[in-house]
Amino acid sequence: MRALFLALSLAAGSTYAVEPALSAADTLSAVQRVKPVTPQTSGPNVLRAQVLLDRAHFSPGEMDAAYGSNMRQAIRGFQKLRQLPVSGNIDAATWTELERDDAPVLAVYTLTAQDIAGPYAPVPPDMAGKAKLATLGYASLAEALGERFHCSPELLRRLNPGRTMKRAGEQLLVPNVAIIKPLPKAASLLVDAKEGTLTLLDAGGMPFAQFPASTGSQHDPLPQGRWQVRGVATNPEYRYNPKLFWDAKAGDTKARIAAGPNNPVGLAWIDLSIEHYGIHGTPEPGKIGKTQSHGCVRLTNWDVMQVVRAVSRGASVLMQA
């Protein structure tokens, strides 16, 4: 596998002597592999850290090989769990703990005929336009692959320079996230608006997974208090009611939006014991933790699906600012 990584990267014209390409994340030298990850850093060792954090269930959100606020929170959560100094930076001790997972951080994925066929279609920005569609599927193969491999479409392009992503059989380097292990059942959930995170806790109150979250806004603050999970719906339809949105456009009417990853609530809705509020996915994973929501707790589609499998009806949800 290491040889294949090198062959793919060299075929794309990467130069290791000057600055390793992102595709070198598994072939970095011993010195490069332990370089600290701090604000403003980027590159293959940052990508390596993002994949390892994701596989440890401390999600950095949409992976992009650059240190950002979501990655900082993921590092902090991981350091707390492993009883390391909580700095938000990956130092030597944190690298040691992360690299207990020694599986490759990149994998080779071969495009299938189904990948190429889609179907893919543009998604209208307005609710009225969305309501006309029979399904809210992916707009492009790059978007679909980004969600499957927990990364931005731009990261896929940077990992695979010169590849067209237009023919079945083409091989791509992707973050190796298919080996992420399922989570155990959570006894409770903690949503922290200040930290911008959703954390899963066991029966003893110990955290074991953390995800970046958008958690409300000045107009629609997070409803603080303790609530319960009432139920879970995957691949849900969405019922748009403009009366519930302060920023609804004049002339908007109620609309029924078909299911799909580009549905306004993404691939899942976790219903809470407070009317109109829930935990859900999103069609815009790159905005999680960076833009506000309408009061609900919004996660990437891949993260919300992990949470769905880890929660049951009646689980406690504490929301705090």
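Quick look at the structure, then. Values in this document were obtained by computation on a predicted structure and should not be read as measured data. (Residues numbered from 1 in each chain as written. Predicted model: local features only at pLDDT ≥ 70, side-chain atom pairs only at ≥ 80, totals over all residues. Heavy atoms only, no water.)

Pairing within the open sheet is mixed, and its 8 strands lie in the order E5-E4-E3-E12-E6-E9-E10-E11. In this open sheet, the two strands that pair with only one neighbour each are strand E5 (207-212) and strand E11 (297-298). Here 5 bridges tie strand E6 (residues 225-234) to strand E9 (residues 268-272), and the two strands are oriented antiparallel to one another. Looking at E9, one finds that Thr234 is bridged to Ala268. (Pairing = 2+ DSSP bridges. Helix = DSSP H or I, 4+ residues; strand = E, 2+ residues; numbered from the N terminus.)

Counting buried residues in helix H8 (residues 141-148) gives 7 out of 8 residues, a clear majority hidden from the surface. Within H8, the full set of buried residues consists of Leu141, Ala142, Glu143, Ala144, Leu145, Gly146 and Glu147. Buried residues belonging to H8 abut strand E1 (106-110), helix H6 (113-117), helix H9 (153-159), strand E2 (171-175) and helix H10 (301-310). At the C-terminal side of H8, His150 shows a positive phi close to 60°. (Buried < 20%, exposed > 50% of the residue type's maximum accessible area, 1.4 Å probe, protein only. Contact = heavy atoms within 4.5 Å.)

Here Tyr238 shows up in strand E7 (residues 238-240). Classification of Tyr238 by relative accessible area gives buried; the value is 14%.

Of all hydrophobic cores here, the largest spans 38 residues; its most connected members are Val37, Leu47, Leu53, Met71, Ile90, Leu145 and Leu155. Listed by contribution, the elements that provide at least two residues to this core are helix H3 (44-55), helix H4 (69-81), helix H5 (92-98), E1, H8, H9 and E2. Per element, the largest residue contribution to this core is 6 residues, and it comes from H3. With residues near it in sequence (within four places) discarded, Met71 still touches Val37, Val46, Ala49, Gln50, Leu53, Pro60, Ala66 and Ile90. The next biggest cluster of nonpolar side chains, apart from the first, holds 28 residues, and it includes Leu189, Leu200, Ala209 and Ala310. (Core = buried A, V, L, I, M, F, W, Y, C linked by side-chain atoms within 4.5 Å.)

This part takes up the packing of H3 against H4. Two elements in contact, H3 and H4, have axes separated by 11 Å at closest approach and are oriented at 55°. If you check the angle between H3 and H4, you find them oblique. As H3 runs across H4, the sense of the crossing is left-handed. Two secondary-structure elements touch here, H3 through Val46, Ala49, Gln50 and Leu53 and H4 through Met71, Ala74, Ile75 and Phe78. Broken down by class, the residue content of the contact of H3 with H4 amounts to 7 nonpolar, 1 polar and no charged. (Axes fitted to C-alpha atoms, helices over the stretch in contact; angles between N-to-C directions. Parallel < 35°, antiparallel > 145°, perpendicular 65-115°, else oblique. Left-handed = near helix turned anticlockwise from the far one by under 90°. Nonpolar A, V, L, I, M, F, W, Y, C, P; charged D, E, K, R; others polar.)

According to the stated counting rule, one finds 12 salt bridges in the structure shown. In this structure, Arg157 engages Glu154 in a salt bridge whose closest nitrogen and oxygen atoms are separated by 3.3 Å. In this pair, Arg157 and Glu154 both sit in helix H9, 3 residues apart, roughly one turn of the helix. We note a salt bridge from Arg230 to Asp271, for which the minimum N-O separation is 2.9 Å. In this pair, Arg230 is assigned in strand E6 and Asp271 in strand E9, connecting sequence segments 41 residues apart. For Arg230, a relative accessible area of 40% gives the class partly exposed. We classify Asp271 as partly exposed; its relative accessible area is 21%. Residues joined in a network through salt bridges with shared partners are Asp26, Arg33, Arg48 and Glu99. (Salt bridge = Lys/Arg side-chain N within 4 Å of Asp/Glu carboxyl O.)

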